[in-house]
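Notes for the structure review
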Amino acid sequence: MEAAITFTLGDLGKFLIGLALLVLIIYCIVLVSKLIPAVKKLHKVLDDAQTITSIASEGVQTAKDIVGDVSTSVSTISGILKGNQSVLAALTNIVNAVTSLTGLVKKSKQQMDGKN
């Protein structure tokens, strides 16, 4: 007895479609396995960007406060030139503004040293 196996074109088509689906599933698994580490790295980068943004925001706020102090000092000096305020009050405001500026520089330096 002869055993004959026959394949129709429909059977061959079904086999090829099944094989293509298997290859597609394997490709998707490999793609997702490579995508997971990339997403983790992206998350770390975004966290670092958020930290840098918050530090920059604090620096801007501090600089804004110092500019206000310097503005007050300049107003005081101009007032002195007009003879409206005492010299002692003007010098006190100048010292306060310089102290604020020195504090900002030290804080910025510490933050930079801490990051490196």
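Scroll up to find the structure this text is about.
Residues numbered from 1 in each chain as written. Predicted model: local features only at pLDDT ≥ 70, side-chain atom pairs only at ≥ 80, totals over all residues. Heavy atoms only, no water.

To continue, consider the overall build of the chain. Regarding its fold elements, the chain presents two helices and zero strands. Put simply, the chain has 116 residues, and 6% of those count as buried. With the model as given, the accessible surface of the chain reaches about 9,900 Å², and the carbon-plus-sulfur share is 70%. (Helix = DSSP H or I, 4+ residues; strand = E, 2+ residues; numbered from the N terminus. Buried < 20%, exposed > 50% of the residue type's maximum accessible area, 1.4 Å probe, protein only. Areas by Shrake-Rupley, 256 points an atom, 1.4 Å probe, with all protein chains shown as cover.)

Mapping G68 onto the fold places it in helix α1 (residues 9-82). Using a relative accessible area of 31% as the deciding quantity, one classes G68 as partly exposed. Taking the C-alpha atoms as reference points, G68 and A97, separated by 29 residues in sequence, lie 8.7 Å from one another.

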